[in-house]
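Letter by letter, the chains look like this.
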Amino acid sequence: MTKLKSYLQDPALKKCYDEIRAAGAIRSISVDLTHVCNLRCKGCYYFEEGMDAINVPDESAFDEFIESEKERGTNFVTIVGGEPSMVIPRIKKVYDNFKCNVATNGLIKIPYEGLENLPIGISIWGERETDSALRANGKRDLFGEALKNYKNDSRAFWYYTVAPGYANQIEKVVSTCVENGNAVLFNYYSDLSELGDKHDYKAGFHEVREEIDRMIEKYPDKILMTPSFNKVISEGKLFDESWGYEVCTNLSTNHENNFERFENGNPYNPHFRAYNADFSSTRRCCTGVNRDCDSCYDTWEHFSWVMVNLKKHLNSKEDFTDWLTTMYLFYYINRLVGQEDGATSMADIQNIIKEKTASTHQEVGVE
Ligand code: SF4
Ligand code: SF4
């Protein structure tokens, strides 16, 4: 029996695995739906690297883009920008043709009708004052506005970016989001504007990581993160590999600057392209043009690192559980699994992880 088969003797793991298999393989891209935004956040990768400097095409270019990506076999689109909610008809066109998710600042409500199953990640960078200071010079209660727009909206989850010195805000932000009827996914601040001090990623995310783990314990059905994935992102380690360009898996496969990387033997996502808002040119990766990869703690990109590295996770059932639960988490956030009655829930995922931890402790004799 192969290792994989033996791990799948466990009914809970088998159920997760089968749900993912039924949802099918993902052939993903990202696209900037527009080059404009109604905010200018400090440390936004999009404007820090001048990604908005594009030739704006007319709408027919967008329609042609949709058709050519369908022909290429794309079945999943991460919608970014600029601010996608400023071009809702384009969101609808993507939604009608692909599985997708959208990243928004939450200030313009994305309508429910016609977009009922759209996963919406709303960015938040801290408590009201912190978020407002970093994103609106303290002049607007952005968090409050977005909370109102997405109250009890089951499509919405908060994409909460935490800086190293702000671990003490996590519980309050999370409880506010949960009380609003939404789930929370974490991201880790990169400080591209070089604010330093509490924002400096070089200080490390140890306290942030611990606090996120505590939130997983407290809200197991609302936190879209697992302890192992939290560790991978915050430490930038996956077994013997350290995160960076040479192992990064979500690189535009048609971008000549990446060709040398694809020769180094490390796996990558062979379909991926990060399209600019001209809907034809691509850039190195979704979150960078020339950016120093040391600053990259982007959760979305780390998902792919784990997901394409199944082989590395086959040495033990514990490692396989880490891989499978991360994989399931990605599918769950994107509403590709978990929507049917009886499907594995987020709380089920956390229970699977707890059982794994308990059995590991038994094996090594921890009381
Ligand atoms: S809302 Fe998003 S795209 Fe707009 S400036 Fe802020 S981080 Fe950048
Ligand atoms: S910045 Fe881009 S290329 Fe660099 S590690 Fe992050 S996703 Fe990969």
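Up top is the structure.
The sections below set out a description of the structure shown in this document. (Residues numbered from 1 in each chain as written. Chains lettered and ligands numbered in written order. Predicted model: local features only at pLDDT ≥ 70, side-chain atom pairs only at ≥ 80, totals over all residues.)

## Focus on the overall build of the protein
So, point 1. Looking only at helices and strands, the protein features 14 helices and 10 strands.
So, point 2. In terms of overall dimensions, the protein is globule-like: its C-alpha atoms have a radius of gyration of 20 Å, near the 21 Å expected for 367 residues.
So, point 3. Its C-alpha atoms put the protein at 60 × 45 × 40 Å along the principal axes.
So, point 4. Residue burial in the protein is summarised as follows: out of 367 residues, 43% are buried.
So, point 5. Taking all contacts inside the protein whose residues are at least 6 apart in sequence as the whole, residues at least 24 apart take part in 68%. (Helix = DSSP H or I, 4+ residues; strand = E, 2+ residues; numbered from the N terminus. Rg over C-alpha atoms; globule rule 2.2 N^0.38 Å. Buried ≥ 20, exposed ≤ 12 C-beta atoms within 10 Å, placed from the backbone. Contact = placed C-beta atoms within 7 Å.)

## Notes on the nonpolar core
So, point 1. Ile79, Val162, Val184, Leu224 and Tyr328 are the most contacted members of the largest nonpolar core, which totals 88 residues.
So, point 2. Tallying contributions element by element places helix H13 (residues 317-333) first for this core, with nine residues. (Core = buried A, V, L, I, M, F, W, Y, C linked by C-beta atoms within 7 Å.)

## Description of helix H2 (residues 11-23)
So, point 1. Spanning 13 residues, H2 covers 18 Å between terminal C-alpha atoms, matching the ideal 18 Å at 1.5 Å per step.
So, point 2. Where H2 is concerned, the buried positions are Leu13, Cys16 and Ile20. With its buried residues spanning 65 degrees around the axis, H2 presents them on a single face. Opposite the packed face of H2, turned more than 90 degrees from it, sit the exposed residues Pro11, Arg21 and Ala22.
So, point 3. Count one or two residues on from H2 and you reach Gly24, which has phi positive near 90 degrees. (Expected span 1.5 Å × (residues − 1). Arc of directions from axis to C-beta.)

## Some points on the site of ligand 1
So, point 1. Contacts to ligand 1 come from 13 residues, most closely from Cys37, Leu39, Cys41, Cys44 and Asn105.
So, point 2. Taken together, the residues that form the shell around ligand 1 break down as six nonpolar, four polar and three charged. (Near = placed C-beta within 6 Å. Nonpolar A, V, L, I, M, F, W, Y, C, P; charged D, E, K, R; others polar.)

## As for helix H8 (residues 170-179)
So, point 1. The complete set of buried residues in H8 reads Ile170, Val173, Val174 and Cys177. For H8, the buried positions fall inside an angular range of 95 degrees around the axis, keeping them on one side. Exposed residues on H8 whose side chains face more than 90 degrees from its buried face are Lys172 and Glu179.
So, point 2. Buried-residue contacts for H8 involve strand S4 (120-124), strand S5 (156-162), strand S6 (183-188) and helix H9 (206-218).

## Overview of the site of ligand 2
So, point 1. Taken together, 14 residues surround ligand 2, and among them Cys248, Cys285, Gly288, Cys293 and Cys296 come closest.
So, point 2. A breakdown of the residues in the shell around ligand 2 according to their chemical character gives six nonpolar, four polar and four charged.

## Some words on the sheet that holds strand S10 (residues 282-283)
So, point 1. On the basis of which strands lie adjacent, the open sheet formed by eight strands has the order S6-S5-S4-S3-S2-S1-S9-S10 and mixed pairing. Two strands close off the open sheet at either side, each with one partner strand: S6 and S10.
So, point 2. Sheet analysis places strand S9 (residues 274-275) next to S10, joined by two bridges and oriented antiparallel. When the sheet's bridge partners are listed, Ala274 is paired in S10 with Arg283. (Pairing = 2+ DSSP bridges.)

## A short note on the packing of helix H12 (residues 299-307) against H13
So, point 1. Following both chains from N to C, one finds H12 and H13 inclined at 135 degrees, their axes separated by 9 Å at the closest point. It follows from the interaxial angle that H12 and H13 lie oblique. Seen from above, H12 lies across H13 with left-handed handedness. On H13, the residues that touch Phe303, Val306 and Met307 of H12 are Trp323, Thr326, Met327 and Phe330.
So, point 2. Partitioning the contact of H12 with H13 into residue classes produces six nonpolar, one polar and no charged. (Axes fitted to C-alpha atoms, helices over the stretch in contact; angles between N-to-C directions. Parallel < 35°, antiparallel > 145°, perpendicular 65-115°, else oblique. Left-handed = near helix turned anticlockwise from the far one by under 90°.)

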